[in-house]
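If you want the building blocks of each chain, they are given just below.
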Amino acid sequence: MDYFPLTVTKAPAFCNRKNELKRLSSNIQKLRPTLIVSPRRYGKTSLAINSINKAKLWCAKFDLLSVTDEEDIKNVILHGVGNLLVDIEKGVRKALRVATELFAGLNIKISVDTIGLSLEASKSSSKPAYEILTILERVEKIAQKHDKKIILFFDEFQRVMQVTEDSAIESVIREVAQLSNNLVFIFTGSNRHLLHKMFDDRDQPFYKLCDRITINRIAPEEYIPYIQHAAQERWNKSLEEIAINRIFELTERHPYYLNILCSRLWDDKICNTVIVEQEWHRYLQEEKSQVGAELDLLSKNQRKLLAALARHNGTNAPRSYKFQELARMSGSSISQTISTLEKKDYIYQNEAGYYNVLDPLIKAVLSKTTL
Ligand SMILES: Nc1ncnc2c1ncn2[C@@H]1O[C@H](COP(=O)(O)OP(=O)(O)OP(=O)(O)O)[C@@H](O)[C@H]1O
Ligand SMILES: [Mg+2]
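Counting of residues starts from 1 at the beginning of each chain's written sequence and follows it residue by residue. Each chain gets a letter, beginning with A, and each ligand a number, beginning with 1, in the order they are written. A pLDDT threshold of at least 70 governs which residues receive local features in this predicted model, and a stricter bar of 80 or more applies before side-chain atom pairs are shown or counted, although totals over entire chains, interfaces and linings include all residues.

Asks: Give a detailed account of the site of ligand 1, specifying residues and quantitative values.
Replies: We call a residue near a molecule or strand if the C-beta atom, set from the backbone, is within 6 Å of it. What surrounds ligand 1 is a group of 20 residues, the closest being Thr 9, Cys 15, Gly 43, Thr 45 and Ser 46. The residue classification treats Ala, Val, Leu, Ile, Met, Phe, Trp, Tyr, Cys and Pro as nonpolar and Asp, Glu, Lys and Arg as charged. All others, Gly included, are polar. By residue class, the composition of the shell around ligand 1 is eight nonpolar, eight polar and four charged. Marked domain ranges trace back to an automatic or database domain assignment. Taken domain by domain, the shell around ligand 1 gets at least three of its residues from each of domain 1 (18-214) and domain 2 (220-293).

Asks: Before we move on, could you go through the sheet that holds strand 1 (residues 34-37) and cite the residues and values that matter?
Replies: Paired strands, as defined in this entry, are two strands with at least two bridges between them according to DSSP. Each helix corresponds to a stretch of at least 4 residues labelled H or I by DSSP, and each strand to a stretch of at least 2 residues labelled E; elements are numbered beginning at the N terminus. Here we have five strands laid out as an open sheet, ordered 2-5-6-1-7, and parallel in their pairing. Edge positions in the open sheet fall to strand 2 (58-63) and strand 7 (211-214), since each of these has one partner strand only. Neighbour-to-neighbour, the strand axes of the sheet open up by a mean angle of 20 degrees, direction not taken into account. Examined bridge by bridge, strand 5 (residues 150-155) and strand 6 (residues 183-189) share five bridges and lie parallel to one another. Directly across from Ile 150, in strand 6, lies its bridge partner Leu 183. Sitting on the sheet, helix 2 (residues 44-55) is in contact with strand 1, strand 2, strand 5 and strand 6, with an inclination near 175 degrees to strand 5. In this description, a line fitted to the C-alpha atoms serves as the axis of each element, helices being fitted only across the stretch in contact, and the angle between N-to-C directions of two axes falls anywhere from 0 to 180 degrees. A residue pair is marked as a contact if its C-beta atoms, positioned from the backbone, fall within 7 Å.

Asks: So what's going on with the domain arrangement of the chain? Residues and values would help.
Replies: Considered domain by domain, the chain is made up of domain 1 (18-214), domain 2 (220-293) and domain 3 (298-367). The distance between the C-alpha centroids of domain 1 and domain 2 comes to 36 Å.

Asks: Describe the packing of helix 13 (residues 300-311) against helix 16 (residues 360-367), with residues and values.
Replies: Their axes nearest at 8 Å, the elements helix 13 and helix 16 cross at an angle of 90 degrees. Classified by the angle their axes make, helix 13 and helix 16 are roughly perpendicular. Of the residues in helix 16, those in contact with Leu 306, Ala 307, Ala 310 and Arg 311 of helix 13 are Lys 363, Leu 366 and Ser 367. Residues belonging to the contact of helix 13 with helix 16 are distributed by class as follows: four nonpolar, one polar and two charged. Oblique is the label for every angle not falling under 35 degrees (roughly parallel), over 145 degrees (roughly antiparallel), or within 65 to 115 degrees (roughly perpendicular).

Below, the structure written as structure tokens:
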């Protein structure tokens, strides 16, 4: 089996997150809306999908990552509802019949294509928010008809705020979430700055709507037995503690990078600290130009500050004279740049007050001048 998948992970490759799973299951039981928050690639989608699978409920998934406007949001919701109907009716033909009945009177083109049931909104004069309300109300009707709960999973929900001009769509979702007796809402998001604006501002519709689950990196005591089990399966022996620690240091236990490094290591015939170093170094070389292209999108000061944080492994005094010298920037530039980089999720401040680069790959590429 693939112990270190690079996409959404499901059991048995899903490690730990026991408390989070428990809380999410309890929220699903109680119909309590939940927001799952973490930086990119920590495992939000994996956590949601694993809880949904455990709950054994029908679910409509809405992946909002690529939406660019309100019409797109409406179509993503319709697409998710189409897949839900195919699941419920156990086939495309029956789903087509049900969808035609359910969406009668709405401007929705319903057809069967090679992928399955396709629901697409035709251009209409009414506001997308109003149509989304109607669509969600009809999903509620399906749940009532079957006397079952249905989970509505909005992945990358912060995109809604990014692409809409007002909070009409958020308002209708709030309305349905509060009034429904059958629909369970799960939202995930990665940009903490935007999520803070959406969920913590008393003037916004989502204020105090959700229970929030913040996920962090997986603890070493959870990872070690998992990795050692995978090592036994692969090489019939455990890894040396020093090799595991090196994996943890290099990837900073970031779930995605840990999986990348381990999936490469597990292709090798043996594994020790030297091979761990070599594999990580090779990975950095392969990714260097892509990281460079991403960093080119930042301003000169933003790159300078990121590099200073990467090379000195963060700081708890970014405006201090010492750090100003290290970064070769003035205190006021540092203050301004830190706040922009935090908003863009390039850096974070940990519980101890340390600012550091969030992504271990960017950090590694920036901290090494020779790759
Ligand atoms: N509990 C876990 N155990 C093992 N690996 C995990 C776990 N959670 C996530 N991963 C790994 O981390 C990576 C990211 O997972 P996932 O796509 O669920 O994260 P995400 O936070 O939704 O990411 P994105 O910000 O890209 O949407 C994947 O490679 C996945 O296999
Ligand atoms: Mg995701």
